[in-house]
Amino acid sequence: MTTDASFSFLRLDPGSLSLDLTTFDCGVDDYNQWLAGSAASAVRSGTAAVHLLVRDENAESSPRVLGYIAIAPTAVARDDLPGAVARGMPRMIPGYLLAKMALDTSLRGDRQMRWGTQLVVEALRRIVHAATSGGGRVIVVDADNDGLLPFYRGHSFLPTGVDPLRLYMKVATARSVLDQHGH
């Protein structure tokens, strides 16, 4: 979805990428610190895949990190989802957790590029690809606060009905969302 050639998504690979993760600032210290201090460890241990939205500043400097998503495999208890989704499924339903998503404060409010939407679409694209290769029925996300619920609901996530901040989307729905965005 990115149309500006100077922006791209890169998978965090602690062994090969030499990016300064400490300059990222989404305005929430926990998210900034997780990227700088824990993201590489999560990738190395296999608990999450981290994808970075970067902008190439110029040929002499390394790309600048302006956003990230962290995706983790998960299993969702059948009882934690609405009946229509859980019906006929095993007690634990395979899926994916959109574990972290953050956007640099400098990109917020850009109505033309819609960077938050681009992060969601990139996460869904990667999750659908993984589900196509290895299975998975649902995607879950835990909103950090009530203020984020409209954002996620606006991107086709639905309330689980169990935890007010936990939302879900079927992988089949994610495929439809990607079709709408030309992926």
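Only a predicted model underlies this, so the values are computations on that prediction, with no experimental measurement involved.

The subject of this paragraph is the pairing of strand β3 (residues 64–77). If a strand is regular, its side chains alternate between the two faces of the sheet. Pairing of strand β2 (residues 49–55) with β3, which is carried by 7 bridges, proceeds in the antiparallel orientation. The partner of His51 across the bridge, within β3, is Ile69. In terms of strand pairing, β3 meets strand β4 (residues 92–103) through 11 bridges, oriented antiparallel. If you follow Ala72 over to β4, its bridge partner there is Leu97.

With that out of the way, let us pick up the sheet that holds strand β5 (residues 138–142). If you trace the 7 strands from one edge of the open sheet to the other, you get β1-β2-β3-β4-β5-β7-β6, paired in mixed fashion. Either end of the sheet is taken by a strand with one partner, and the two such strands are β1 (7–11) and β6 (158–159). The sheet contacts of helix α1 (residues 29–37) involve β2, β3 and β4, and relative to β3 the element is tilted by about 90°. Packing of helix α6 (residues 171–180) onto the sheet brings it into contact with β5 and β7 (166–170), and relative to β7 it is tilted by some 75°.

So, on to the nonpolar core. Counting 33 residues, the largest nonpolar core has Leu53, Leu98, Leu124, Ile139, Tyr152 and Phe157 as the members making the most contacts within it. Residue assignment for this core shows that the elements contributing at least two residues are β1, β3, β4, α4 (115–134), β5, α5 (149–153), β7 and α6. Take this core: its biggest share by element is 9 residues, from α4. Those residues in contact with Leu98 that lie beyond four places of it in its chain are Ile69, Ala70, Ile71, Ala123, Val140, Val141 and Tyr152. Membership of the second largest hydrophobic core comes to 20 residues, among which are Cys26, Val43, Ala70 and Ala102.

What follows concerns the packing of aromatic side chains. Given two aromatic rings, one states the distance between the centres and the angle between the planes to describe the pair. Summed over all chains, the structure comprises 5 aromatic pairs. Taken together, a centroid distance of 5.4 Å and an interplanar angle of 75° make the contact between Phe151 and Tyr152 edge-to-face. Arranged with centres 5.8 Å apart and planes meeting at 85°, the rings of Tyr152 and Phe157 form a pair that is edge-to-face. Each member of the aromatic cluster is reached from another via a ring pair, and the members are Phe24, Trp34 and Tyr68. Stacked on the ring of Tyr31, the Lys or Arg Lys100 has its end atom at 4.8 Å from the ring centre.

Attention now moves to unusual backbone geometry. A positive phi angle, close to 50°, is found at Arg114, a residue other than glycine. By the element assignment, Arg114 lies in the loop between β4 and α4. You will see that Ser156, though not glycine, has its phi angle at about 75°, which is positive. Looking at the element boundaries, Ser156 is found in the loop between α5 and β6. Note on Ser156: relative accessible area 31%, which makes it partly exposed.

About the thresholds
- Residues numbered from 1 in each chain as written.
- Predicted model: local features only at pLDDT ≥ 70, side-chain atom pairs only at ≥ 80, totals over all residues.
- Heavy atoms only, no water.
- Pairing = 2+ DSSP bridges.
- Helix = DSSP H or I, 4+ residues; strand = E, 2+ residues; numbered from the N terminus.
- Contact = heavy atoms within 4.5 Å.
- Axes fitted to C-alpha atoms, helices over the stretch in contact; angles between N-to-C directions.
- Core = buried A, V, L, I, M, F, W, Y, C linked by side-chain atoms within 4.5 Å.
- Buried < 20%, exposed > 50% of the residue type's maximum accessible area, 1.4 Å probe, protein only.
- Phe/Tyr/Trp six-rings, centres within 6.5 Å; stacked < 30°, edge-to-face > 60°.
- Lys NZ or Arg CZ within 6 Å of the ring centre and 35° of its normal.

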